Amino acid sequence: MDQRSAARRTVPGAALFLAVVTLATTCTAGRGVVGTPGAAGVRDPYFPRLGNGGYDVTHYDLALDVDDGAGQVRGTAVITARATQDLSAFNLDLTGLDVRSATVEGRPASVNRAGDELTLRPDGEVADHLRRGRTFRTVVRYSGAPRTVTDADGSREGWLRTEHGAVALGEPAGSPAWFPGNHHPVDKASYDVRISVPEGRTAVSNGELVSRRTKSGRTVFHWRTSEPMASYLATVAVGRYTLRHDVTPDGLPVVTAVDARVAGSSAVVPARIPEVMEWGARTFGPYPFASTGAIVGLPGDAGYALETQNRPFFPGPPDMGLLVHELAHQWFGNSVTPASWQDMWLNEGFATYAEWLWSEEHGGATVREHFDEAYEDEANWAFPAGRPPGPADLSRPPVYGRGAMVVHRVRQEMGDDGAFFTLVRGWLTAHRHGNASTDDFTAYAERESGLDLTELWDTWLNGRSRPARG
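Residues numbered from 1 in each chain as written. Predicted model: local features only at pLDDT ≥ 70, side-chain atom pairs only at ≥ 80, totals over all residues. Heavy atoms only, no water.

Peer 1: Looking at this model, I keep getting lost on the pairing of strand β12 (residues 189–198). Mind explaining?
Peer 2: On a regular strand, one side chain projects to one face of the sheet and the next to the other, so that they alternate. Taken across its ten residues, β12 has nine buried, putting it largely inside the fold. With nine bridges joining them, β12 and strand β15 (residues 218–229) adopt antiparallel strand pairing. Bridge assignment links valine 197 to a residue of β15, and that residue is threonine 219. (Buried < 20%, exposed > 50% of the residue type's maximum accessible area, 1.4 Å probe, protein only. Helix = DSSP H or I, 4+ residues; strand = E, 2+ residues; numbered from the N terminus. Pairing = 2+ DSSP bridges.)

Here it is in structure tokens:
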């Protein structure tokens, strides 16, 4: 995400979390089925109700029918998951939309709702088979007006209406506004997304375009993401976009969607993406996905850019620094995804550092000049990068600028640029398409460098005062 937007997020009360768990347990009592309910939440430090326990989603197959004004949708979510415990019931996250029906393994399931939590209880015969290690399929049919979610910092996500459609943005808790699922970054899955829109509109999502078919005044766009993706990185953009298909010199497909009204001023985007991809692969290692690109809407469509997987979303034509930042996230955040939202500095610190590297290599300010500017900025010392005070602080300057300073201090401590970049590429390889925490990174950096970096972590990452410049 672009730090020039805002900070983000809100955290629900623990009392509601406990109430949902109690409700789920009560709903399954007395049925004589094997197993216990999956937890309502994975106890993220900032968003304890996001995600759900007891299962791991492997694939989402989403079908959305979007009305002419993009204010109403009818959806079907087919969710393939593997039970990680014997399950008598399980939860899905869904905000606002009305559930019309739900089945588990083809049999009707009862649905109870507590706020943004759905508790699905399969019938007894199905529940007896939801044993640990078993794969099962859930189908949820739903409809309604998807909500725009206002976060603790005042930023907006979820389903954002635009002049000619809508854009769905999900960091960190907006994706439940348009589809049910296990909405925490730790549960990544592959996706098929089919969006039916009025003829003349374009629907863009992640991954690769499988097909586009028009019939009876409606066009269905089918997008597929084969690599694992955290749900906050999933997007749908509906509007008057022009789709352009290119390819890099290395054969990587580049798919850009640009609102027709900014096509001229956005020409730099498809033209420079191959260059950024080549630089990123040389600097960080092989690009981790099967395609790249961008979605460029209008200024005002959103208050920020976001690193939606494969093709970041920009509210208007981005400058080069912002383009580099969001494309760097494809390595840092999208492939290697935070284990919890407290680890967000691993996304933003590295993406900001990528901007510094690009600037130095392309005739702009040097990395040291960027470091010195960040060091002098009081905003970067408001709190430790690795310990934001709360969800409203996740996109404030310390997570970005101070996070990038931590990365540079590791480089300085190693004293060997070749060894430093080998460490970075090794980190990305070790956790490719997975999740990683701050503890994972600090342990990896010390192990691979052979250095004791305790003082660096205690002062630059987690310290509450500004250390000596170094």
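Peer 1: How should I be thinking about the sheet that holds strand β19 (residues 292–296) in this particular structure?
Peer 2: Hydrogen bonds along the backbone pair up the strands of a sheet, which may run parallel or antiparallel. Strand order in the open sheet made by the four strands is β17-β18-β19-β20, with mixed pairing throughout. On the outer flanks of this sheet lie β17 (241–247) and β20 (313–314), each paired with one strand and no other. Of the pairings in the sheet, the one linking β17 to strand β18 (residues 253–259) comprises seven bridges and is antiparallel in character. Within β18, the position partnered with valine 247 by the bridge is proline 253. Packed onto the sheet, helix α3 (residues 268–284) meets β17, β18 and β19 and runs at close to 145° relative to β19. (Contact = heavy atoms within 4.5 Å. Axes fitted to C-alpha atoms, helices over the stretch in contact; angles between N-to-C directions.)

Peer 1: Any chance you could explain the environment of tryptophan 223 here in plain terms?
Peer 2: You can see tryptophan 223 is positioned in strand β15. Tryptophan 223 gets classed as buried once you look at its relative accessible area, which sits at 0%. Measuring from C-alpha to C-alpha, the distance between tryptophan 223 and valine 204 comes to 7.7 Å, with 19 residues separating the pair along the chain. In this structure the side chain of tryptophan 223 is engaged in a polar contact, spanning 2.9 Å, whose partner is the backbone oxygen of alanine 203. (Polar contact = N/O pair within 3.5 Å; in protein donor to acceptor, adjacent residues only side chain to side chain.)

Peer 1: I tried to follow the environment of serine 110 on my own but got confused; where do I start?
Peer 2: Structurally, serine 110 can be placed in strand β6 (residues 107–114). Expressed as a C-alpha distance, the spacing of serine 110 and alanine 89, which sit 21 residues apart in the sequence, is 9.6 Å. When sequence neighbours within four positions are dropped, the list of residues in contact with serine 110 reads Thr119, Leu120 and Arg121.

Peer 1: What is the right way to read helix α10 (residues 454–461) from this model?
Peer 2: Residues three or four positions apart in an α-helix share a direction because the helix packs 3.6 residues into each turn. Among the residues of α10, those classed as buried are Leu456, Trp457, Trp460 and Leu461. Seen along its axis, α10 keeps its buried residues to an arc of 100°; they face one direction. On its buried side, α10 packs onto α5 (345–361), α6 (367–376), α7 (397–414) and α9 (438–449). (Arc of directions from axis to C-beta.)

Peer 1: What's the story with the packing of α5 against α6 in this structure? I'm lost.
Peer 2: Angle between the axes and distance between the axes: these two values describe a pair of packed helices. Between α5 and α6, whose axes approach to 8 Å, the crossing angle comes to 135°. For the element pair α5 / α6, the angle class is oblique. Of the residues in α6, those touching α5 at Tyr353, Trp356, Leu357, Ser359 and Glu360 are Val367, His370, Phe371 and Ala374. (Parallel < 35°, antiparallel > 145°, perpendicular 65-115°, else oblique.)

Peer 1: Sorry if this is basic, but what is going on with the sheet that holds strand β9 (residues 148–150) here?
Peer 2: The five strands lie next to each other as β9-β10-β11-β16-β13, forming an open sheet whose pairing is antiparallel. One side of each edge strand has no neighbouring strand; the edge strands of this open sheet are β9 and β13 (202–205). Across the sheet, the axes of successive neighbouring strands diverge by a mean angle of 20°, strand direction being ignored. Pairing of strand β11 (residues 165–169) with strand β16 (residues 236–239), which is carried by three bridges, proceeds in the antiparallel orientation. Bridge assignment links alanine 166 to a residue of β16, and that residue is valine 238.

Peer 1: Got a minute to help me understand unusual backbone geometry in this structure?
Peer 2: Most peptide bonds are trans, and most residues other than glycine sit at a negative phi. Omega for the peptide link from glutamate 171 to proline 172 comes to -5°, which places this bond in the cis form. With respect to the element layout, proline 172 can be found in the loop between β11 and β12. For arginine 43, which is not a glycine, the phi torsion comes out positive at approximately 60°. Its location among the elements puts arginine 43 in the loop between β1 (36–37) and β2 (55–66). A positive phi angle, near 60°, is found at alanine 70, a position not held by glycine. Counting through the fold element by element, alanine 70 comes out in the loop between β2 and β3 (73–83). Given a relative accessible area of 1%, alanine 70 falls into the buried group.

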